[in-house]
Amino acid sequence: MEDNYRTYYEVFVYSFYDGNGDGIGDLKGLTKKLDYINDGDPVTMDDLGCNGIWLMPVMPSPTYHKYDTTDYYSIDPEYGTMEDFEAFLSACRERGIKVIMDLALNHTSSEHPWFQEACSYLKELGDGEPDPGECPYVLYYNFSKEKKSGFSPVKGSDIWYYEAQFWDGMPDLNLYNEELRAEIEKIADFWLAKGVGGFRLDAAKEYVTGADGSNIEILSWFNDVVKEKYPDAYLVAEVFSDMAVYEKYYDSGIDSLFDFDFANKDGIIAKVVKGNTPASFYSQRLQEIEGIFSAHNKDYIDAPFYTNHDMGRSAGYYAGEGSEAQTKLAGAMNLMMSGSAFIYYGEELGMKGSGKDENKRAPMYFSSDPSAVCAEDRQTWMILR
Ligand SMILES: [Ca+2]
Ligand SMILES: [Ca+2]
Ligand SMILES: [Ca+2]
């Protein structure tokens, strides 16, 4: 079995490096900059030395962040081609970097053909009873004639509604449908067969909103089908919540859950570094979580992270004299935790960016020339190494 204890670098491809000059980061650009993440030579120390990459979504999508897919079997043309992706994977393999991909299974894009076909069918049907024999996709989503909480109207119909917990462009999938599950098994196999090392499972807490037990069952099913054929695959789920909630998700048998309690501007690490909480609390919790998580899954691998694409960047958590040292100390406290630690791109440089999501996902700095970086972050340039 492969060792799944790694240090992952979370990359937003859109903002990382532009390989073809259109101003948008892409897979060619990321491949070109792999030496920065890991040059494959354990002797050199001027690379980050990460041996894992978490790719934020790369499948076709109408949004810049690409968390709502229109096709689970392709690469978004903004990011390149399938050949570019395969070249990226093979360059990572040469360097000993395991690549995990973001997989958004809670929802698709409202422009996904499954959803489009289901909506056309229901519009035509009107007030009748849907026949999945005529359109199987009506069961891929949660359609209803009743406007329940989190439901949006089907465009062009005054009878039908669909569940869309995030926004109406992201219809929620019905992960209990057997045909959809078979499709998802095919999707997972498609990418794993290419050499992808696993998945970061987006929004697992919303698979069935408000029903942790159902979500654990869904994760357990997905873990079983993936591990049966790919025992070395690595799965980490996003359950954006408190530890009392996400610890239970280890019952599913998946490798990792992001350890939210330590992250963000008001998490354990930041509280300790700001001096609001005694340093001993950090070590005490590290000891306690071993018992908490292993009670649910003895093979668990903690997934500590300090920030991600949904959080303000850490260099902004501290102000005044000593803030640079605080930022570095906090980063080190993240990496010292056992398990597979995650670093969000640019954090190692002390990039700043908070407020709206786009600012948290701003272009990576590859130059110390102030004119080469985006204006908003220009004054925060700082090398942490
Ligand atoms: Ca580009
Ligand atoms: Ca090296
Ligand atoms: Ca859902």
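Note that the structure is a prediction, hence the values are computed from the model and not measured.

### Some details on the sheet that holds strand 1 (residues 7-11)
As summarised here, the arrangement of the seven strands in space is 9-8-7-3-2-1-10, forming an open sheet in which the pairing is parallel. Among the strands making up the open sheet, the edge pair consists of strand 9 (256-257) and strand 10 (341-344). Taken together, the four bridges between strand 1 and strand 2 (residues 52-55) define a ladder with parallel strand orientation. By the bridge assignment for strand 2, Tyr9 is matched with Ile53.

### Brief notes about the domain arrangement of the protein chain
Accessible area lost on assembly of the parts is the figure often given for the size of an interface. For the protein chain, the assigned domains are domain 1 (7-108 + 178-380) and domain 2 (113-163). Listed as interface residues are eight residues of domain 1 and, on the opposing side, six residues of domain 2. Interface of domain 1 and domain 2: buried area, both sides summed, is about 570 Å²; carbon and sulfur atoms make up 63% of it. Three residues, Thr108, Glu179 and Leu180, lead the burial of domain 1 against domain 2; their summed loss comes to 61% of the area buried on that side.

### Looking at a negative patch on the surface
Taken together, the side chains of Glu178, Glu185, Asp224 and Glu228 make up a negatively charged region of the molecular surface. Listed by contribution, the elements that provide at least two residues to the negative patch are helix 6 (178-194) and helix 7 (212-229). Structurally, the position occupied by Asp224 is in helix 7. Taking relative accessible area as the criterion, Asp224 reaches 47% and is therefore assigned partly exposed.

### Some words on the coordination of the calcium ion (ligand 2)
Six octahedrally arranged donors around a metal ideally form angles of 90 or 180 degrees; four tetrahedrally arranged donors ideally form angles of 109.5 degrees. Summarising the metal site, the calcium ion (ligand 2) is bound by the protein donors Asp39 (OD), Asp41 (O), Thr44 (O), Thr44 (OG1), Asp47 (OD) and Asp47 (OD), whose distances to it range over 2.3 to 2.6 Å. Viewed at the metal, the six donor atoms of the calcium ion (ligand 2) are separated by angles of 50 to 168°, and the geometry they form is irregular. Between the donor residues of the calcium ion (ligand 2), the gaps in sequence give the motif D-x1-D-x2-T-x2-D.

The rules we used
Residues numbered from 1 in each chain as written. Chains lettered and ligands numbered in written order. Predicted model: local features only at pLDDT ≥ 70, side-chain atom pairs only at ≥ 80, totals over all residues. Heavy atoms only, no water. Pairing = 2+ DSSP bridges. Helix = DSSP H or I, 4+ residues; strand = E, 2+ residues; numbered from the N terminus. Domains from an automatic or database assignment. Contact = heavy atoms within 4.5 Å. Buried area = accessible area lost by both parts, 1.4 Å probe. Patch = residues over 30% accessible without salt bridge, like charges linked within 9 Å, V, L, I, M, F, W, Y side chains within 5 Å. Areas by Shrake-Rupley, 256 points an atom, 1.4 Å probe, with all protein chains shown as cover. Salt bridge = Lys/Arg side-chain N within 4 Å of Asp/Glu carboxyl O. Lys, Arg positive; Asp, Glu negative; His and termini not counted. Charge placed at Lys NZ, Arg CZ, Asp CG, Glu CD. Buried < 20%, exposed > 50% of the residue type's maximum accessible area, 1.4 Å probe, protein only. Donors = N, O, S within 2.8 Å, 3.2 Å for Na, K, Ca; no water. Tetrahedral: all angles 85-135°; square planar, octahedral: opposite > 155°, others 65-115°.

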